[in-house]
Amino acid sequence: MKLKATKGYDVVHAWLKEKSLSPFQFQQETWQHIIDKKSGLVNAPTGCGKTFSVFLGSVIDFINEHPKNYKTKSKNNLQLLWVTPLRALATDIGRAMEEVIDELGMNWKVGIRNGDTSISDRQKQKRQVPEVLIITPESLHLLLAHKNYTDVFKSLKIVAVDEWHELLGSKRGVQVELAISRLAGLNPKFCLWGISATIGNLQQAKEVLLSPIANLYQQSPDKFGETVTAQIDKNIQIESVFPDEIEKFPWAGHLGIKLVDKVIPIIMNSRTTLIFINTRGMSEMWYQALLTACPELAGVIALHHGSIEQDLRSWVEENLHTGKLKTVVCTASLDLGVDFRPVETVIQVGSPKGVARFLQRAGRSGHRPGEISKIYFLPTHSLELMEAAALKEATEIKLIESREPRLLCFDVLIQYLSTLAISDGFYPKDIFEEIKTTYCYRDINDEEWQKILQFTTAGGVALQQYDDYKKIEIIDGLYKINNRRIAMRHRMHIGTIVSDPMMKVKFISGGFVGVIEEWFIARLQPGDIFTLAGRTLEFVMIKEMTALVRKSNAKKSIIPSWQGGRMPLSANLGFMLRKKFDEAGLLLHKKNKKGIDREITELQPLFELQEYLSHIPKQNELLIEHIETQDGFHLFVFPFEGRLVHEAMAAVLAYRISRITPITFSLAMNDYGFELLSDQPIPLDDTNSYGLFSPQNLFADIQRSLNSVEMAKRKFRDIAVIGGLIFTGFPGEQKKARHLQSSASLLFNVFAEYEPGNLLLRQSYNEVMEQQMEEERLRKMLERIQKSKIIITFPNRLTPFCFPIKVDSMRENLTSEKLEDRVKRMQMQLEK
Amino acid sequence: MFSPQKFILHKETLWLSPARCVYWEDEKALILSDLHFGKTGHFRKEGIGVPQNIFKEDLQRLFTQIQFFKPSVLLIAGDMFHSKANKEIDLFLKWRNDLHAIDFHLIKGNHDVLPDKFYEEAGIKVSKKKLSVKNFCFTHDINEECENDDEITFTFSGHIHPGIKVNGVGKQSFMLPCFYFSDTYAVLPAFSYFTGLYKIKPGKKDNVFALVENKVIKMQ
């Protein structure tokens, strides 16, 4: 069928024309594919009509099916399921869709389904399913937990997965994969469309999403589906904010706020400015600092982060739209979402850690076609200026990161099976066939599947006659949860986002401020002053799982440090960074500084000191520094591969050295390098350095050094929550189940000791290998080191390169000595 | 090999066992706390599949301790059973029957919610809040009962599952279960392995014994 010959196209085209708009090429392409009942992926940035590419396609298709009565036809049941990762997006998208439906005079309803949807709206949606349902992955799974859920999807024509690049690579993406596999099993006729921004592995992104659909058509998933690309080129201008003086001993988080005076003119010279800060704690500090530096900003400056009350956040977003705010200090909370047209400028404070995120943030400014996206990079320590130089070049050559899809997430699968078991129940044979069509579980074997079934029905290792394990029961082959309490608890815990237990913060006189981690409140004494949502608050007491506070005028306050995920430097940015250091090293011996990034020339004094004390590594060199201080013997290594790879490498290196001699280390790392610290000299020199960095036996050495480190335990926490072993409850809302409390680390120890074959335990080790250790990346790094020159220096004091590691440290244990010996050696150092 | 450590307290000889209990020589009493029997069963009943072997091992360890010290009485400072009755407790009762010569005396803790009849049938004597033996007092939570006076010179308690944080060079640290002795009271480690640790902050004059594998190590 030719798109332009259809009635649907005529109607939509006429409507657009009335508004003096014409469809983009990529939109028309998508519409053509949709009326041809094809599936695929739309690659388009935000703010260029990507929503309309799929949504209007669905409308056109409907009009074509009902050319005579498309206007009057109502109660058509679900036509379009719109999956979006962000609740905040749902309202805006819904509004835009309703507007179109209204103007076309159609009788469609748009429903929104997420954690904020009221019970009465849910009931309404249940009685009459709207034609368009906008839903989060979690709510979609909740829908699968309803009795008779299959009816909802009978009429479904199109499933759209918005911001797929955000979901891919996370367990929420796996949730989407599973839901798609179920829908494909129920109703094999719908088309599936992903919408994604540009990422390094777009082709794979399509394959992951469409895999169950490809299976329906018995086609190979890597070749199935259409790709539609929006040809919209964005001009990005990157500028660094330079400190007046380059400090030679940089440390993270210290410099940024000093540059606040340099930020004021930027804010003043642009209509609206977004200031992206990497952590919530720092964003609170920046908000205060800006207000202090420029009191005129009062009333036109706002703060936006994940711990701030929803209403307040919506208010900020609303005022960003209308241009009433001059500047907003925000975190990743504003990475996604609809566009704020008044935003002309973006300031990135600190490393964005990756090219993709940097571009995404830059793209939040200058949205109108033809406008330039302007982004300033403000370093939090002087060495970070190198990242600005690296980002500039990476942007130029479009070195955008990939999002690696997750594989074999048993925790999500266990949760999914329980979800199906509380609605209509399931037959393992059918579901096994379905999940094998997903990308995530395509390699699951029978044994693993049997173990999962065994775990959910019999609870692993038990003492048979002394056991009353109960979760999924098998009745005539149907796997079902009948216990209402267990079902209820499961329903409350559907989802894969695990956060620390949170507590509501309220004024004693009434009024909600936000939420904050329980552990932070637990440390406070009544009368202590802290900052949240830009307000200075005095802690009064805890009542009914709520922290009560009153306003305070105190000058000093504690800023909570939220334990958000610390992002590691991406491989792409690391590569670019090494290249820039190479340029910097060469520059020292050059007279002509033409064509060199200003970031590098500004840092000259720091580089000179580094070269004087130690060395600046070239691209084909690995720098190692031996330094002795009061703390002990330090070994600093600088591979520039990002925090996670460094963490793994540090553990492996510590393990390998400890085989030479019994020695205990503490480890620290940042994105540029890592440190081993010991109370005795570290035996690494010219004779053994290549051997210690050998890729041989890497896997085994990782495994061995793993047990001693706490990494798997940390991963296990989320897995245990997702897999239903730990109940977290919601902030202040629900009493925790009595006598069912346990900590993830306790459960981890228990499983490690008594049921080492447990699938969730194994998964935590696998996740460490894949995510934490990034084994693949680690191996590549070691291979690179084998080919490069290892330079070992012995500076007589800390160098500019190692100083930030010293400050930005997070330590872990590793030992080869007998535990007892260690206790005896340490016993005199008992904590005071 | 497992080796208990001798500790003299108010002229009484105590043996601190790395298996998380204390043997009081003169009274032939095995003192322990926070066994949390039935905890894995309780979790499993609610659909949380924790391995039951941990309970089996707790039971076996108790049996081994009884064989080693040959006590005539077990003084249990609370939280003997984790929650309501379940099948795991039947396994305990089977063991209990084989040990009928030994008195069990439980001073109830916050977890001991089973009906009185149960203890009666299991041959467990119960004290609600505290129990005095010679000039020692036993209670579950040190913050609630047992004020020392002329007669009572020392109190044994449990409840908090004490752990001691051990620090080393360069911020490394880890926690170990421990016995804690101040000059007026003691806190016993939780007997069950299915328990977490609460970090204690001992004073300078207090005695702390950490438990590492098969040894008791005096920390201070």
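Quick caveat, the model's predicted, so the values are computed rather than measured.

**Thoughts on the overall build of chain B**
Line of reasoning, step 1. Secondary structure assignment for chain B yields four helices and 16 strands.
Line of reasoning, step 2. For 220 residues, the compact-globule formula gives about 17 Å, and the C-alpha radius of gyration of chain B, at 17 Å, lands near that figure.
Line of reasoning, step 3. The principal-axis extent of the C-alpha atoms belonging to chain B is close to 45 × 45 × 35 Å.
Line of reasoning, step 4. Going through the 220 residues of chain B one by one, you find that 47% of them count as buried.

**Here we look at the overall build of chain A**
Line of reasoning, step 1. The secondary structure content of chain A amounts to 31 helices and 26 strands.
Line of reasoning, step 2. Computed over its C-alpha atoms, the radius of gyration of chain A comes to 28 Å, within 12% of the 28 Å expected for a compact globule of 832 residues.
Line of reasoning, step 3. C-alpha extents for chain A along the principal axes are approximately 85 × 75 × 60 Å.
Line of reasoning, step 4. Look at the contacts in chain A between residues 6 or more apart in sequence, and 75% of them connect residues 24 or more apart.

**Details of the sheet that holds strand E4 (residues 132-135) of chain A**
Residues and elements named next belong to chain A.
Line of reasoning, step 1. As summarised here, the arrangement of the seven strands in space is E3-E4-E2-E5-E6-E1-E7, forming an open sheet in which the pairing is parallel. For this open sheet the edge positions go to strand E3 (110-113) and strand E7 (226-229), each flanked by a neighbour on one side alone. Going from strand to strand, the sheet's axes swing by 15° on average, the running direction of each strand aside.
Line of reasoning, step 2. Relative to E4, E3 runs parallel, the two sharing four bridges. Bridge pairing links arginine 113 to isoleucine 135 in E4.
Line of reasoning, step 3. Strands strand E2 (80-83), E3 and E4 of the sheet are contacted by helix H4 (residues 87-103), whose axis makes an angle of about 170° with E3.

**Re the domain arrangement of chain A**
All names here are of chain A.
Line of reasoning, step 1. For chain A, the assigned domains read domain 1 (3-229), domain 2 (235-396), domain 3 (410-492), domain 4 (502-551) and domain 5 (614-829).
Line of reasoning, step 2. On the side of domain 5, eleven residues touch domain 3, which itself brings 14 residues to the contact.
Line of reasoning, step 3. Ranked by residue count, the leading element in the side of domain 3 that touches domain 5 is helix H15 (residues 410-422), at six residues.
Line of reasoning, step 4. Looking at the side of domain 3 that touches domain 5, its residues break down into six nonpolar, four polar and four charged.

**Focus on the packing of H15 of chain A against helix H17 (residues 446-458) of chain A**
All names here are of chain A.
Line of reasoning, step 1. Across the interface, H15 lies against H17 with an axial gap of 11 Å and an inter-helix angle of 55°. Taken together, H15 and H17 sit at an angle that is classed as oblique. Here H15 runs over H17; the crossing is right-handed. Across from Phe410, Leu413, Ile414, Leu417 and Ser418 in H15, the residues of H17 making contact are Ile452, Phe455 and Thr456.
Line of reasoning, step 2. Looking at the contact of H15 with H17 residue by residue, the classes come out as six nonpolar, two polar and no charged.

**Focus on the confidence of the model for chain A**
Residue and element names in this part refer to chain A.
Line of reasoning, step 1. Taken over all residues, the pLDDT of chain A has a mean of 86, while the share at 70 or more is 92%.
Line of reasoning, step 2. Counting interchain partners and residues more than four positions distant, the pLDDT-below-50 stretch residues 810-820 has 36 contacts.
Line of reasoning, step 3. Confidence drops under a pLDDT of 50 for residues 825-832, and excluding neighbours within four residues, the segment shows twelve contacts in the predicted structure.

**Remarks on the nonpolar core**
Line of reasoning, step 1. By size, the foremost hydrophobic cluster in this structure holds 286 residues, and its most contacted members are Trp82, Val159, Ala160 and Leu413 of chain A together with Ile31 of chain B.
Line of reasoning, step 2. No other element matches the eleven residues that helix H23 (residues 643-660) of chain A contributes to this core.

**Structural notes on the pairing of strand E18 (residues 529-532) of chain A**
Residue and element names in this part refer to chain A.
Line of reasoning, step 1. By the alternation rule, side chains of E18 split into Phe530 and Leu532, which are all buried, and Ile529 and Thr531, of which none is buried.
Line of reasoning, step 2. As paired strands, E18 and strand E19 (residues 535-543) are joined by four bridges and run antiparallel to one another. Within E19, the position partnered with leucine 532 by the bridge is arginine 535.
Line of reasoning, step 3. Between the antiparallel neighbours E18 and E19 lie two residues, among them alanine 533 with a positive phi of about 55°.

**Points about the packing of helix H14 (residues 385-396) of chain A against helix H20 (residues 571-587) of chain A**
All names here are of chain A.
Line of reasoning, step 1. One can describe the packing of H14 onto H20 by two numbers: an axis separation of 8 Å at closest approach and a directional angle of 115°. By the criterion of interaxial angle, the relationship of H14 to H20 is roughly perpendicular. Here the hand of the crossing between H14 and H20 comes out right-handed. Residue-level contacts link Met386, Glu387, Ala389, Ala390, Glu393 and Ala394 of H14 to Asn572, Leu573, Met576, Leu577, Lys580 and Phe581 of H20.
Line of reasoning, step 2. Taken together, the residues of the contact of H14 with H20 sort by class into eight nonpolar, one polar and three charged.

**Observations regarding the interface of chain A and chain B**
Line of reasoning, step 1. Listed as interface residues are 40 residues of chain A and, on the opposing side, 40 residues of chain B.
Line of reasoning, step 2. Those elements that provide at least two residues to the side of chain A that touches chain B are strand E23 (664-669), helix H27 (744-754) and helix H31 (819-826) of chain A.
Line of reasoning, step 3. For the side of chain A that touches chain B, the class distribution of residues is 19 nonpolar, eleven polar and ten charged.

**Regarding the sheet that holds strand E7 (residues 124-127) of chain B**
Residue and element names in this part refer to chain B.
Line of reasoning, step 1. The seven strands are arranged E1-E2-E3-E4-E5-E6-E7 in an open sheet whose pairing can be described as mixed. Whereas interior strands pair on both sides, the edge strands pair on one side only; in this sheet they are strand E1 (5-9) and E7. The sheet shows a mean angle of 25° between the axes of neighbouring strands, direction not considered.
Line of reasoning, step 2. In this sheet, strand E6 (residues 103-107) lies alongside strand E5 (residues 73-76) in parallel orientation, the contact comprising four bridges. Following the sheet pairing, isoleucine 76 is matched in E6 by leucine 106.

**A closer look at helix H26 (residues 711-722) of chain A**
Residues and elements named next belong to chain A.
Line of reasoning, step 1. A rise of 1.5 Å per residue sets the reference length of H26, with its twelve residues, at 16 Å; its end C-alpha atoms lie 18 Å apart and thus fit the reference within 8%.
Line of reasoning, step 2. Where H26 is concerned, the buried positions are Met711, Ala712, Lys715, Phe716, Arg717, Ile719, Ala720, Val721 and Ile722.
Line of reasoning, step 3. Glycine 724 lies just past H26 and shows a positive phi near 85°.

**Concerning H20 of chain A**
Residue and element names in this part refer to chain A.
Line of reasoning, step 1. The end-to-end C-alpha separation of H20 is 24 Å, in line with the 24 Å expected for 17 residues at 1.5 Å each.
Line of reasoning, step 2. Of all the residues in H20, the buried ones are Ala571, Leu573, Gly574, Met576, Leu577, Arg578, Lys580, Phe581 and Ala584.
Line of reasoning, step 3. On its buried face, H20 is in contact with helix H13 (355-362), H14, helix H21 (598-602), helix H22 (604-613) and helix H29 (775-787).

**Remarks on the pairing of E7 of chain B**
All names here are of chain B.
Line of reasoning, step 1. Two elements, E6 and E7, share four bridges in a ladder whose sense is parallel. Paired with histidine 105 across the bridge in E7 is lysine 125.
Line of reasoning, step 2. Assessed by its sense of winding, the connection that carries the chain from E6 through helix H4 (residues 116-122) to E7 is right-handed.

**Section: unusual backbone geometry**
Line of reasoning, step 1. Within the chain, serine 20 of chain A stands out as a residue other than glycine whose phi angle is a positive 55°.
Line of reasoning, step 2. Relative to the assigned elements, serine 20 of chain A resides in the loop between helix H1 (7-18) and helix H2 (25-35).
Line of reasoning, step 3. We note that lysine 11 of chain B has phi near 65°; this positive angle belongs to a residue other than glycine.
Line of reasoning, step 4. Tracing the sequence through the fold places lysine 11 of chain B in the loop between E1 and strand E2 (12-17).

**Some thoughts on the environment of threonine 6 of chain A**
Residues and elements named next belong to chain A.
Line of reasoning, step 1. As for its placement among the helices and strands, threonine 6 is situated in the segment before H1.
Line of reasoning, step 2. A count of 19 C-beta atoms within 10 Å places threonine 6 in the partly exposed class.
Line of reasoning, step 3. Linking threonine 6 and asparagine 77, residues 71 residues apart in sequence, is a C-alpha distance of 23 Å.

Rules of the game
Residues numbered from 1 in each chain as written. Chains lettered and ligands numbered in written order. Predicted model: local features only at pLDDT ≥ 70, side-chain atom pairs only at ≥ 80, totals over all residues. Helix = DSSP H or I, 4+ residues; strand = E, 2+ residues; numbered from the N terminus. Rg over C-alpha atoms; globule rule 2.2 N^0.38 Å. Buried ≥ 20, exposed ≤ 12 C-beta atoms within 10 Å, placed from the backbone. Contact = placed C-beta atoms within 7 Å. Pairing = 2+ DSSP bridges. Axes fitted to C-alpha atoms, helices over the stretch in contact; angles between N-to-C directions. Domains from an automatic or database assignment. Nonpolar A, V, L, I, M, F, W, Y, C, P; charged D, E, K, R; others polar. Parallel < 35°, antiparallel > 145°, perpendicular 65-115°, else oblique. Left-handed = near helix turned anticlockwise from the far one by under 90°. pLDDT = per-residue confidence, 0-100. Core = buried A, V, L, I, M, F, W, Y, C linked by C-beta atoms within 7 Å. Expected span 1.5 Å × (residues − 1). Right-handed = clockwise from strand over helix to strand, strands pointing away.

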